[in-house]
Amino acid sequence: MMKYTTISAAAVALGISHKTDAFTALQITTPQRQKVVHYAATLDDVAISESEDEVKAVNSKDLKRQQLKQALLGRLGDTNTDSGYDPVLCDPFTQESLSLSSIKGPILGGARSGGVRLSLTSESGDTFEGRTNTYINLLEPASAISEEDEEKTSISRSPILSSLMTLTPPPLRSIIASNSDDVEYVPMRDLFTSPSVSFAYERGWRQGFAAAGFPGVDEEFELATEYFAPVIKQKNDKNEDTVLVDMSCATGLFTRRFTKSNTYSRVIACDYSDSMLTEARRRVNTDSEIAESSTKLDLVRCDVAKIPMKTDSVDVFHAGAAMHCWPEIEASLKEIHRVLTPGGRYFATTFLGNYFSTVAGAEKASNGGADVETSMQAFQYFPSVQYLKDLLLDAGFENDNVSVELLGRGCVIMRCEK
């Protein structure tokens, strides 16, 4: 009965009828019905009403709370059970399941600007937080931020420092940061946490990758979709849900395309950068096609070296122009192999090291001619296609299931099956 009540309330909020009852809502036209079901099944849709008058059509506050909880569990949890545990997301440190433990914020309506605050708790008590209009923060538990951590400034937490570092040549960034004991600086992470980089990413930055041989976002999306297709078809034939992860999603260039394709049951877009996820959410919210999609979409802040997802839970995994920005590359690839389902597929693009030869040479010169530690490099400088293939084999992928292809001067495309 709760399912029908939720659908009916969603129909009211969508303006289909102010008097639509539970059974009439199931008899409206197919496009309308799909819109209502999607609206009732996602928290964002429940949280955003078309007008205050329509919200008032649901008179009981208790009913509103129940509807919101049902929608949230439908979005984050397994809708086939009452456990409230997310079928994919988990504690990144213990890999324990995460459950919805509290909801703070508006019940219905009034959440367009603030969203709904949510709390996810692991079995051992770690609590993670997020908002439906921004992202879920699974980078670290909310309780893990100590006074000592706050006293040490991260470049990514300081907009002024971040902007200055963005304008500073890569070889000089580590020198500037090393002169202060109060600054934490990891070049491969902090470059893309800058709000100015997030702003520029789809305004010319990403398009510049063509010089290295990248075929362009649309073609890269088609290549990934084609590679993922057999896995998705097999799951669809069994009427099973399909999960796609877009790691290092940046501003959501691929995330939006995957979501709007209606090919996957759920898309989880991940990034380390707060500013990238904020920009991604802004673009998602202004894309009307995404609101019509049947795909569930979650934005998650996390570290690819500690992926907050259960083992064997992800069907297909995408990382576009990303691997060269992962400080812990070996651990990250092992994590990707872990979370993929048996037969799951990984599609990735990255730069070959020769494309960054000028930056690498300048870093070495600024270091007195000595090699710079990997942790202080601006990027991972992958020396060859074979080197990348060896990394993938070390991560657990088998030789016959790994393909590494070089395009142009420095674009590498990787296809791996678990």
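Residues numbered from 1 in each chain as written. Predicted model: local features only at pLDDT ≥ 70, side-chain atom pairs only at ≥ 80, totals over all residues. Heavy atoms only, no water.

**Student:** Could you clarify how one ought to interpret the nonpolar core in this entry?
**Tutor:** Taken as a class, soluble globular proteins show a tendency for nonpolar side chains to be buried jointly. Counting residues in hydrophobic clusters, the biggest one holds 44 residues, and the most contacted among them are Met309, Phe317, Met323, Trp326, Leu333 and Tyr346. The leading source of residues in this core is helix α16 (residues 329–339), at four residues. Beyond its immediate sequence surroundings of up to four residues, Met323 is in contact with Ile329, Leu333, Tyr346, Ala348, Thr349, Thr350, Gln380, Phe382, Leu388 and Met414. Judged by nonpolar contacts, the second largest core, of 40 residues, contains Tyr135, Val197, Phe347 and Phe351. (Core = buried A, V, L, I, M, F, W, Y, C linked by side-chain atoms within 4.5 Å. Buried < 20%, exposed > 50% of the residue type's maximum accessible area, 1.4 Å probe, protein only. Helix = DSSP H or I, 4+ residues; strand = E, 2+ residues; numbered from the N terminus. Contact = heavy atoms within 4.5 Å.)

**Student:** Honestly, the pattern of salt bridges in this entry has me stumped. Any pointers?
**Tutor:** Where charged atoms from two side chains of opposite charge come close, those side chains can pair. Following the criterion strictly, the structure yields 17 salt bridges and no others. Two residues, Arg266 and Asp86, come together in a salt bridge whose shortest N-O distance is 2.9 Å. A residue pair is termed long-range when its members are at least 10 positions apart, and Arg266 in strand β9 (residues 266–271) and Asp86 in strand β1 (residues 85–90) qualify at 180 residues. Like Asp86, Arg266 is buried. Notably, a salt bridge pairs Arg283 with Glu279, separated by 2.9 Å at the nearest N-O pair. Of the two residues, Arg283 and Glu279 are both situated in helix α14 (residues 274–285); the distance of four residues between them amounts to about one turn of the helix. Summarising the burial analysis for this pair, Arg283 and Glu279 share the class buried. Counted as one network, the salt bridges with shared partners bring together Glu202, Arg203, Arg256, Glu279, Arg282 and Arg283. (Salt bridge = Lys/Arg side-chain N within 4 Å of Asp/Glu carboxyl O.)

**Student:** Help me understand the side chain of His337 in this model?
**Tutor:** Within the secondary structure, His337 sits in helix α16. For His337, the side chain forms a polar contact with the main-chain oxygen of Gly396, separated by 3.1 Å. Apart from residues lying up to four places away in sequence, His337 is in contact with Ala395, Gly396, Phe397 and Lys418. (Polar contact = N/O pair within 3.5 Å; in protein donor to acceptor, adjacent residues only side chain to side chain.)

**Student:** Is there a simple way to explain unusual backbone geometry in this structure?
**Tutor:** Where the residue is not glycine, phi is negative for most of them; where a peptide bond is considered, it is trans in most cases. The residue Ala250 is not glycine, and still its phi comes out positive at about 55°. Tracing the sequence through the fold places Ala250 in the loop between β8 (243–247) and α13 (253–260). Judged by relative accessible area, which is 6%, Ala250 ranks as buried. Positive phi values are uncommon outside glycine, yet Ala321 reaches one of about 50°. For Ala321, a relative accessible area of 9% gives the class buried.

**Student:** In this structure, what is going on with empty space enclosed by the protein? I would like to understand it.
**Tutor:** Vacant regions in the atomic arrangement are exposed by a probe of water-molecule size rolled over the atoms. Per the counting criterion, the structure on display carries three cavities of 30 Å³ or more. Around the second largest cavity, the lining residues are Tyr201, Arg206, Asp246, Met247, Ser248, Cys249, Ala250, Leu253, Phe254, His318 and Gly320. Mapped by element, the contributors of at least two residues to the lining of the second largest cavity are β8 and α13. (1 Å grid on protein atoms, 1.4 Å probe; cavity = no way out; pocket = protein on both sides within 12 Å on 5 of 7 lines; lining within 4 Å. Points joined across faces, edges and corners; volume = space filled by probe spheres on them.)

**Student:** I'm lost on the side chain of Ser313 in this one. Help?
**Tutor:** Inspection of the secondary structure puts Ser313 in the loop between β10 (296–301) and β11 (314–319). Reaching out from Ser313, the side chain makes a polar contact with the backbone oxygen of Lys310 at a distance of 2.6 Å. Not counting the four nearest positions on each side in its chain, Ser313 is found in contact with Pro87, Val88, Val243, Val339 and Thr341.

**Student:** Is there a simple way to think about the pairing of strand β4 (residues 127–131) in this case?
**Tutor:** Side chains Phe128 and Gly130 of β4 all project onto a buried face; the interleaved residues Thr127, Glu129 and Arg131 project onto a face where none is buried. In this structure, strand β3 (residues 117–122) lies alongside β4, joined through five bridges in antiparallel fashion. Considered in β4, the bridge of Arg117 is made with Arg131. As judged from the two bridges shared by β4 and strand β5 (residues 136–137), these two strands associate in the antiparallel manner. Bridging from a neighbouring strand, Gly130 pairs with Ile136 of β5. The loop that links β4 with its antiparallel partner β5 comprises four residues. (Pairing = 2+ DSSP bridges.)

**Student:** I tried to follow the packing of aromatic side chains on my own but got confused; where do I start?
**Tutor:** Any two aromatic rings considered together are summarised by their centre-to-centre distance and by the angle between their planes. Using the criterion set out here, one finds 14 aromatic pairs in the structure. Look at Phe317 and Tyr346: their rings are 5.8 Å apart centre to centre, the planes differ by 70°, and that puts the pair in the edge-to-face class. Pair noted here: Phe317 is in strand β11 and Tyr346 is in strand β12 (residues 340–351), with a separation of 29 residues, a long-range link. When sorted by exposure, Phe317 lands in the same class as Tyr346, which is buried. Taking NZ or CZ as reference, Arg203 lies 3.8 Å from the ring centre of Phe199, over its face. (Phe/Tyr/Trp six-rings, centres within 6.5 Å; stacked < 30°, edge-to-face > 60°. Lys NZ or Arg CZ within 6 Å of the ring centre and 35° of its normal.)

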